[in-house]
Amino acid sequence: MMTDLFHAQTEATTTTSLDMRRLQRQKRRQTRQKWTLVVSAVALVLLAIGGSIAYNFLGSFESESNEIADYPGAGQGVVQVVVEQGDTGADIAQTLFESGVVASPESFIREANASADAGNITPGYYFLQREMKAEFALLALLDPGNKNELTITIPEGRTVDSYFEAIANLTDYSKADIEAVAEDTEALGLPEQANGILEGWLFPATYTFTPDAQPADILAEMIEATVNVLERNGVAQDRWMEVMTVASIIEREARLEDDRPMVGGVIYNRLDIDMRLEMDSTVKYISPSEGVFTSSEEREIDSPYNTYMYTGLPPSPIAAPGEAAIKAAADPAQHDYLFFVTINTDTGETRYAETFDEHQDNVALLQEWAQAKAAEAEDAEGATD
């Protein structure tokens, strides 16, 4: 009886197993039929809405089904990443992932898509940390303080030698290296109007460069800045050399804003009547002595830059003029003055004259001021003894 019961139970179990397998097969068929309908519907949608939107459609399907990897904290250590010009958000995400900054490209893309500021990320070198939460990585890229940049500021009125020294201090190149690069002015984009002379064509400004910037790139950008100023102010190309040379003299002679166009007017008035410019600034360009005034010995130096000896403009600019001086040279004040003199070098106060006699009266004012200044210095020195 125990054997019959065992067989009865086995048969019942076998029957039940067969029934269960049949039910499972039916369910699998029904499931396949349902997914066939879904896939067919998706295919129709893909045909209707196009490839780009379809990709997003399927992407959303995937993102909902898969968890996006992301680090939990602010990160550790330091790593440098580079955002290249023209990089898309996906490019940046991949760079961050490959550099070990974020756990997945998708985590950064998700944060970028949710941020209205993500489009403000600029190309450059950045210091970030490894294993950062994607949210923090995005904020770090939007913070200019995390950029690894080289910044250089050149004031108005400096010569090319000052530029070479500043660039050498900024980079790993020597001054001799930069001088060698500067010799190929055509490769640097120097306008042909400059006649191969770089002096005056490196615009004075604040520049920012990436750490791998080459001297040629730096010099080329400074030249381009000068050309942009000339074009922005409507200076015709056939006047570029004249305007830049006059502007460089204005930059060295005039300290106050209102005096720049006035000094420009004096220069052109003298040029119009073939009168020597007699500018101390042009003589100082070829003389190693300090100070703003020239001595009789300096004024006897035989050089085309000695405007006490030769008429006309010197053969090139004598320094780098700023935009205000370029504007003054391109559009000088209209007046009849032929002379000017700064009667107070502390304040920059300048007087103008139409005749030599009037000019001498103004020179007397300068001499009086200089004598008073010397007396003050002697009194101050005596007080400290």
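Anything mentioned here points back to the structure above.
Residues numbered from 1 in each chain as written. Predicted model: local features only at pLDDT ≥ 70, side-chain atom pairs only at ≥ 80, totals over all residues. Heavy atoms only, no water.

A.B. asks: Looking at this model, I keep getting lost on the packing of helix 6 (residues 160-170) against helix 8 (residues 215-232). Mind explaining?
C.D. replies: Between two packed helices, both the angle of their axes relative to each other and the distance between the axes serve to describe the pair. Contact geometry of helix 6 with helix 8 gives a least axis separation of 11 Å together with a crossing angle of 135°. Regarding the angle of helix 6 to helix 8, the classification is oblique. Judged by the twist between their axes, the crossing of helix 6 over helix 8 is right-handed. Between helix 6 and helix 8, the residues in contact are Tyr163, Phe164 and Ile167 and Ile218, Leu219 and Met222, respectively. (Axes fitted to C-alpha atoms, helices over the stretch in contact; angles between N-to-C directions. Helix = DSSP H or I, 4+ residues; strand = E, 2+ residues; numbered from the N terminus. Parallel < 35°, antiparallel > 145°, perpendicular 65-115°, else oblique. Left-handed = near helix turned anticlockwise from the far one by under 90°. Contact = heavy atoms within 4.5 Å.)

A.B. asks: Honestly, the pattern of salt bridges in this entry has me stumped. Any pointers?
C.D. replies: Between side chains of opposite charge, pairing is possible as soon as their charged atoms come close. On inspection of all chains with the given rule, the structure shows 13 salt bridges. Between lysine 175 and glutamate 165 there is a salt bridge whose closest N-O contact spans 3.5 Å. Placement of lysine 175 in helix 7 (residues 175-182) and of glutamate 165 in helix 6 is noted, with a sequence separation of ten residues between them. The exposure class of lysine 175 is partly exposed, given its relative accessible area of 26%. Note that lysine 284 is salt-bridged to glutamate 298, the shortest N-O span being 3.3 Å. One end of the pair, lysine 284, is in helix 11 (residues 280-286); the other, glutamate 298, is in the loop between helix 11 and helix 12 (323-330), with 14 residues separating them in the sequence. For glutamate 298, a relative accessible area of 8% puts it in the buried group. The structure contains a network of salt bridges with shared partners spanning Asp70, Arg110 and Lys133. (Salt bridge = Lys/Arg side-chain N within 4 Å of Asp/Glu carboxyl O. Buried < 20%, exposed > 50% of the residue type's maximum accessible area, 1.4 Å probe, protein only.)

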